[in-house]
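Tertiary structure, described
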Amino acid sequence: MVQNPTAVFKARRERLAAAMREGVAIVPTAPERVRNRDSTFPYRFDSYFYYLTGFAEPDAVLVVIGGAVARSILFCRPKNEEREIWDGLRYGPEGARAAFDMDEAFAFEALDEQLPALLSDRERLYFSLGADSHWDRRVTGWLNNVRARARTGVRAPVEVVDVRSVLDEMRLVKDEHELATMRRAAAISTSAHRRAMRFARPGLREYEVEAELMHEFLRHGAQAPAYSSIVATGANACVLHYVSNRALLEPDDLVLIDAGCELDGYASDITRTFPVSGRFRGAQKALYELVLAAQAHAIAAVAPGRDFNDPHAAAVRTLAQGMIDLGLLQGSLDAAIESGAYRRFYMHRTGHWLGLDVHDAGEYGGEGRWKRLASGMVLTVEPGIYVRPGEGVPQALSNIGIRIEDDVLVTPDGGEVLTAAAPKAIVDIEALMRDG
Ligand code: GLY
Ligand code: MN
Ligand code: MN
């Protein structure tokens, strides 16, 4: 059963407080950013701040006082009738305190007055130093303010710890509330990919397909794409971050779509590659089956106790052997892997953590070893092959780019593909495109 979200956010703040003991954390949210003159970009909160609060307004800072008796203090925009007529509701400190179950709340403007006192006599400050120079300066100012009052008998924190080191570990293992949201995000994104497959046909522009994805995201309540959607037909699929999405869909080409929605802060991230005509041709089929097999082997390597790198190693092995079989590489499999020759056609890694951020928080390794997978982690598995024309490259394989990407939850006994509803077997794709 999914708990009431306010309690979920509060429990996270309590975990942070317990981890900090005598520390105090300062976690600001993201600023609003100007797009042009009076127009701002659609607002997106900071993921760490949101993870601890569920509060989505700009101009807000969370302070968590560590120790046995944790205290959460929110600074946010005050009520303002005039601004609320133009921009909509602001909770205001009192409204936010009650709605988000904070211990105290103050106006954002009270930060300079309150923070030196909150930092006084605390052993450690937990803050993401270096993430934003504006906040670096303000926090340094508050620390100096406490230091300047040393003769009154107060002491400033002697250590600054990156608060992300605590929060990243927490964010890496998703709780029930997060998984419920991620499953819904995955369901919306899979229906968007199905819609795109049904809709695609020769003569359309890539952006027309992108519009179908967007339609499906928004009509199901997703707030935005989690990242710029890639709709790349033909040779464009060999450009890894292709986002111009303006080319014509040609009947003999494949189209690669890498798109996923963000729902209530959580990302999904799916890639499917399919033929514009609805039927895979010979060379396309051979390369597609290779990437699909690499993905199956990589997904089979997702299980608790395995290393983060195991799916990548499995994908590389399969892809490199396929490249040799198809005449893209010469020599032995071990030599192709050892020398990195396969990177000419597979130059990215096989996945990343997924959560509030599309490339989510969390370490991938450290101290000479890869992170161990554990139940509750979510990662993408996204092998691909990108064949640019060049010396020694068979003509028939040239200008084909394929990636297949799913979101996989580590379960107690393996991996669960959250995005399985988007077809990827050739027969399933062809059937959907034929029958709708
Ligand atoms: N769409 C971003 C990625 O696949 O990593
Ligand atoms: Mn990805
Ligand atoms: Mn992707």
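Above this text sits the structure in question.
Remember, it's a predicted structure, so these values are computed and weren't measured experimentally.

What follows deals with the overall build of the protein. Of regular secondary structure, the protein possesses 13 helices and 21 strands. Overall, the protein is about 80 × 50 × 45 Å in size when its C-alpha atoms are taken along their principal axes. Out of the 436 residues in the protein, the part that is buried amounts to 53%. Considering only contacts within the protein whose residues lie at least 6 apart along the sequence, 71% involve residues at least 24 apart. With an accessible surface of roughly 19,500 Å², the protein has 50% of that area assigned to carbon and sulfur atoms. Of note, the protein has its 51 positive side-chain charges centred 1 Å away from the centre of its 61 negative side-chain charges.

The six strands lie next to each other as 6-5-4-1-7-8, forming an open sheet whose pairing is mixed. The two strands at the open ends of the sheet, each matched to only one other strand, are strand 6 (104-107) and strand 8 (159-161). Taking the axes of each pair of neighbouring strands and ignoring which way they run, one obtains an average angle of 20° across the sheet. The pairing of strand 1 (residues 23-28) with strand 7 (residues 124-126) spans three bridges and is parallel. Across the sheet, the residue bridging to Gly 23 is Arg 124, located in strand 7. In the packing of helix 1 (residues 5-20) onto the sheet, the strands contacted are strand 1, strand 4 (61-65), strand 5 (71-76) and strand 7, and the crossing angle to strand 4 comes to about 50°.

Before going further, it helps to examine the coordination of the manganese ion (ligand 3). Bound to the manganese ion (ligand 3) on the protein side are Asp 258 (OD), Asp 258 (OD), Asp 269 (OD) and Glu 405 (OE), at distances that span 2.0 to 2.4 Å. Considering all six donor atoms around the manganese ion (ligand 3), the spread of angles at the metal, 56 to 169°, places the coordination shape in the irregular class. Between the donor residues of the manganese ion (ligand 3), the gaps in sequence give the motif D-x10-D-x135-E.

Before going further, it helps to spend a moment on the environment of Leu 218. As for its placement among the helices and strands, Leu 218 is situated in helix 9 (residues 206-219). Each C-alpha atom, one on Leu 218 and one on Glu 262, is 9.9 Å from the other, the two residues being 44 residues apart in sequence.

So, how was this worked out
Residues numbered from 1 in each chain as written. Chains lettered and ligands numbered in written order. Predicted model: local features only at pLDDT ≥ 70, side-chain atom pairs only at ≥ 80, totals over all residues. Heavy atoms only, no water. Helix = DSSP H or I, 4+ residues; strand = E, 2+ residues; numbered from the N terminus. Buried < 20%, exposed > 50% of the residue type's maximum accessible area, 1.4 Å probe, protein only. Contact = heavy atoms within 4.5 Å. Areas by Shrake-Rupley, 256 points an atom, 1.4 Å probe, with all protein chains shown as cover. Lys, Arg positive; Asp, Glu negative; His and termini not counted. Charge placed at Lys NZ, Arg CZ, Asp CG, Glu CD. Pairing = 2+ DSSP bridges. Axes fitted to C-alpha atoms, helices over the stretch in contact; angles between N-to-C directions. Donors = N, O, S within 2.8 Å, 3.2 Å for Na, K, Ca; no water. Tetrahedral: all angles 85-135°; square planar, octahedral: opposite > 155°, others 65-115°.

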